[in-house]
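Fold and geometry: a report
Below are the chains, spelled out letter by letter.
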Amino acid sequence: MLRVAIVGCGWAGKWHAIAVERHTSAEVCAVVDAEASKAGALSADHAVPSFRSLNDLLESSVIVDAVSICTMPMDHVPLSLTAVRAGKHVFCEKPLARDTHESDALVRALEGSEVTFGVNFNQRHSPLLRSLYDTLQSEGGAHVIHVGMHQQGPRHISERVNEYYLLTDSCCHIIDTMVYLNGPIEEVHAMGARVNSSIVSDVAVNVRFFDGSLGSFEHSFVGASKGQHPFHILDVTTEKARHVLHNLYDGLSTFAHEEEQGVSSTLSVFEDRSYGDSIVRSVHSWIDHVERNEEPETGLEVSMHNVNVVSACIESIETGRAVRTAGAAGNWRIE
Amino acid sequence: METIRLGLIGFSQGFYATTYTRYLSRLKEVDVVACCDLGRPQSYVRECAFTTAEQFCGEIDAAHVRNLRELFDLGLNAVLVTSEVSEHALHTIEALENACNVFVGKPLSFRSEEVKSVIRAARGRKEIVLCGNPLRYETGLYRIKQRLEQNAIGTLINLRLMVNHAAMVEQEWERDPMRSGGPLGTYGVYLFDLVRWLTGAEVHELFAEGDTFVYEHIRSDDTVQITGRLSNGALLHINLITTVTWDFPFLILDMVGTEGTIRTDYPCHAYVLQSENGEELGGARYDSLGAMEMEHFVDCCMGRTKPNVPPEAMLPVTRGIEAVTASIARKERILLPS
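The model shown is predicted, which means the values in this text are computed figures rather than measured ones. The residue numbers shown here count from 1 along each chain, following its written sequence. As they are written, the chains are lettered A onward and the ligands numbered 1 onward, keeping that order. Given that the model is predicted, a residue must reach a pLDDT of at least 70 before its local features are reported, and side-chain atom pairs must reach 80 or more before they are shown or counted; all residues, however, enter totals for whole chains, interfaces and linings. Just so you know, side-chain values use all the structure's heavy atoms and leave hydrogens and water out.

So, the overall build of chain B
Put simply, the rule reads: Numbering of helices and strands runs from the N terminus; a helix is a DSSP stretch of H or I covering at least four residues, while a strand is a stretch of E covering at least two. The globule rule is 2.2 Å times the number of residues to the power 0.38, and the radius of gyration it is compared with is taken over C-alpha atoms. Type-normalised accessible area, obtained with a 1.4 Å probe on protein chains alone, sets the label of each residue: buried when under 20%, exposed when over 50%, and partly exposed for intermediate values. Throughout, a residue-residue contact means that at least one pair of heavy atoms, one from each residue, lies within 4.5 Å. The Shrake-Rupley method, run with a 1.4 Å probe sphere, supplies the accessible areas, and residue values consider only the shown protein chains as cover. Residues scored as positive are Lys and Arg, those scored as negative are Asp and Glu, and His as well as the terminal groups of each chain are ignored. Where a charge lies is defined by one atom per residue type, namely NZ (Lys), CZ (Arg), CG (Asp) and CD (Glu).
For chain B, the helix and strand inventory stands at 12 helices and 15 strands. For 338 residues, the compact-globule estimate of 2.2 N^0.38 gives 20 Å, and chain B sits close to it at 20 Å. With the C-alpha coordinates aligned to their principal axes, the bounding extent of chain B is approximately 60 × 40 × 40 Å. Per-residue burial over chain B gives 64% buried out of 338 residues. Taking contacts inside chain B between residues at least 6 apart in sequence as the whole, the part at least 24 apart equals 73%. For chain B, the exposed area adds up to about 12800 Å²; of that, 48% sits on carbon and sulfur atoms. Averaging the locations of the 33 positively and 45 negatively charged side chains of chain B gives two centres separated by 3 Å.

Below you can see the structure in the form of structure tokens.
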């Protein structure tokens, strides 16, 4: 039984704990949060001890095999380092880091380590997105991918929010989805805007993948006020068809070039179809890889690539130029 | 003018040539006098229009002529120009000089210098030039424009336009980008004219990438992707995809404003507008775009209205196309003239 400690007891932490408990080979062994009320609530839910810091937990008598890090992003690398150095497997919420300098020490710590390290990019665990991935393999890959994501988000710089928070903390999901479907990104050209905001609140990004295909994405924290714009739209064209994924879970429409009728797939009403469910699937995938002692699907390589793409987007916004991503050597593809 | 004495110039844009002329031939105010095949061989006309010039003229009871001098000698006061795109400007100017009102099939041109020459030729004349863009007559898009003008989604901050249409590759002239403009030249009018018409803003800067995924033989990018910024500060995304063979939905529009969103939803609705005030669904699209475009041309010829797509509206289009081409070639962000 894998004994997993949940570090960070907010919304994500609750879902990570639920996921661990639902897995047949894992259990929650402790929870950690600097805020006693949050730690207390999750501790009560799962009947496990609570701690104010990860160090407190590691110095205690509680047996811990793995740590699920669900704190704010600026704490991801320091907490991951602490856990890795203590020999614990780690599953860290996205993003791994806000820039590559931040993550260098972690990369070094993981070299030669037997720790299984993964990052939670849960959007790629939508069953419909998985189905689309399979389809793209059979259709020879994408020619062009567009992803749009719109949600309300912070507009002003604070202790937790930097100027490029939209890119570092939110666009990393979009980037991972594109990388999942189509492989690594070679080059980006980004434009940003500040709409009633002291941070970059909107971005529009052109993408070229290593395999030569094209992509684009847009993201806004400001749009739509309380209007219910579809949270997520994904549009892919291949040699065989155009596919549209609605809101990750709502439906997948396929317009095959050679057939004049569209086909829509939806999930069964008996299937979990919430955003939280994608976190459960993602956590389970990581636990399965820990059990098999294999590199997780969203391990260090993919996660670092995603950080590199974000850094390239920021550089592009600041310079007005197309920027090649660093560190993605060759045309690897995630299987 | 009591009757429009109309001539057709060229069968290269076969769809427009035949469907538009057929439609006009049924209107009481229009007398289709003649069709000119510009001396092109029967095989060329058949390839472009799925008929011969003689057969088509017989069908609509019009004279068949082989050159423009013969055509203008018949005393026309209006023409449809549906020749090869690279000939449009020349034929439009020649028609104006022969006192004809002109409808010119989409696009007027893909070169700014040609558009400027048409603007100069039309200046000070009583004859009008109406440039083709059927989407200007689409009810749902027109209603979207109205709702934007009524501030229904607040300040526009993000616009995505996707045009999804098979590349024109059937005819030899269409495969030659110098004669047709390639996919970008062909559909650029949809991209840039629609953005400008809907938002009332100009494209201020853009970065573009393009590639050829399917149609290697057209010697032009079949997929183009553009990121940009409008003069009002809104971010812009344009995807042009011509590698499809089934072009549904032909167009996707998605606009995000500070107070709401509006987007096309063609499998179900002409558009969906969402804001704090609730949802609004666009009604059924019941108009024949081509018929409305031709009826507008008739109204313009009869002096009842002014062209809603004059040559001046095509200058931002060609500048956009040229900026995209330059950006792809130089891998640079391009600033457009204000």
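Let's talk about helix 12 (residues 315–330) of chain B
All names here are of chain B. For the record, the criterion: A helix is expected to span 1.5 Å multiplied by its residue count minus one.
Here helix 12 is 16 residues long and its end C-alpha atoms lie 22 Å apart, about the 22 Å a rise of 1.5 Å per residue gives. Buried within helix 12 we find L315, P316, V317, T318, G320, I321, A323, V324, A326 and S327. Contacts from the buried residues of helix 12 go to helix 6 (112–122), helix 10 (182–199), strand 8 (203–211), strand 9 (223–230) and strand 15 (334–335). A positive phi of about 55 degrees marks K331, the residue just after helix 12.

Focus on the state of the cysteines
Residues and elements named next belong to chain A. In plain terms, the rule: When the sulfur atoms of two cysteines come within 2.5 Å, that pair is taken as a disulfide.
Per the counting criterion, the structure on display carries 0 disulfides over all chains. No disulfide involves C9; its sulfur sits 8.2 Å from that of C70, the nearest cysteine. What makes C70 buried here is its relative accessible area of 9%.

Section: the side chain of S25 of chain A
Residues and elements named next belong to chain A. Spelled out, the test is: Think of a polar contact as two N or O atoms within 3.5 Å of one another; within protein, one of them needs to be a possible hydrogen donor and the other a possible acceptor, and neighboring residues in sequence only count if both atoms come from side chains.
Mapped onto the elements, S25 comes out in the loop between helix 1 (11–22) and strand 2 (26–32). Separated by 2.8 Å, the side chains of S25 and E291 make a polar contact. Sequence-distant contacts of S25, that is, excluding residues within four places in its chain, are made with M1, L2 and E291.

So, the confidence of the model for chain A
Defined as follows: The predictor's confidence in any single residue is recorded as pLDDT, a number from 0 to 100.
Mean pLDDT over chain A: 91, with 95% of residues reaching 70 or higher. Counted against residues more than four places away or in other chains, residues 329–335 of chain A, with its pLDDT under 50, gives 22 contacts.

Topic: the sheet that holds strand 3 (residues 50–51) of chain A
Strand pairing in a sheet takes place through backbone hydrogen bonds and is either antiparallel or parallel in direction. Residue and element names in this part refer to chain A. The line we're drawing: Note: two strands are recorded as paired if DSSP finds a minimum of 2 bridges between them.
Taken together, 6 strands build an open sheet; the order of strands is 3-2-1-4-5-6 and the sheet is parallel. Unpaired on one side and paired on the other, strand 3 and strand 6 (117–120) mark the two borders of the sheet. The pairing of strand 5 (residues 89–93) with strand 6 spans 4 bridges and is parallel. Among the inter-strand pairings, V90 is bridged to a residue of strand 6, identified as F117.

Details of the packing of helix 5 (residues 100–110) of chain A against helix 9 (residues 300–319) of chain A
Residue and element names in this part refer to chain A. Inclusion rule: Axes here refer to lines fitted to C-alpha atoms; in helices the fit is confined to the stretch in contact. Angles between the N-to-C directions go from 0 to 180 degrees. Roughly parallel here means an angle under 35 degrees, roughly antiparallel means over 145, roughly perpendicular means 65 to 115, and every remaining angle is called oblique. Handedness of a helix crossing follows the sense of rotation of the near helix relative to the far helix, less than a right angle counterclockwise being left-handed and clockwise being right-handed. Under the convention adopted here, Pro, Cys and the residues Ala, Val, Leu, Ile, Met, Phe, Trp and Tyr are nonpolar, Asp, Glu, Lys and Arg are charged, and Gly plus all remaining residues are polar.
Between helix 5 and helix 9, whose axes approach to 11 Å, the crossing angle comes to 165 degrees. Put simply, helix 5 runs roughly antiparallel to helix 9. Judged by the sense of rotation from one axis to the other, the crossing of helix 5 with helix 9 is left-handed. Along the contact surface, helix 5 presents T100, S103, V107 and L110, while helix 9 presents L300, M304, V307, N308 and S311. Residue composition of the contact of helix 5 with helix 9, grouped by class: 5 nonpolar, 4 polar and no charged.

Description of the interface of chain B and chain A
Spelled out, the test is: When two parts are brought into contact, each loses some accessible area as probed by a 1.4 Å sphere; the total of that loss over both is the buried area. Only one rule defines a salt bridge in this text: a Lys or Arg side-chain nitrogen within 4 Å of an Asp or Glu carboxyl oxygen.
Contacts between the two partners involve 46 residues from chain B and, on the opposite side, 53 residues from chain A. Interface area for chain B against chain A, summed over the two sides, is near 3800 Å², with a carbon-plus-sulfur share of 58%. On the chain B side of the contact with chain A, Q225, W246 and R333 of chain B bury the most area, a combined 18% of that side's loss. Viewed at the interface, chain A and chain B are joined by 4 salt bridges. The tally of links between chain B and chain A comes to 14 residue pairs in polar contact (both at pLDDT 80 or more).

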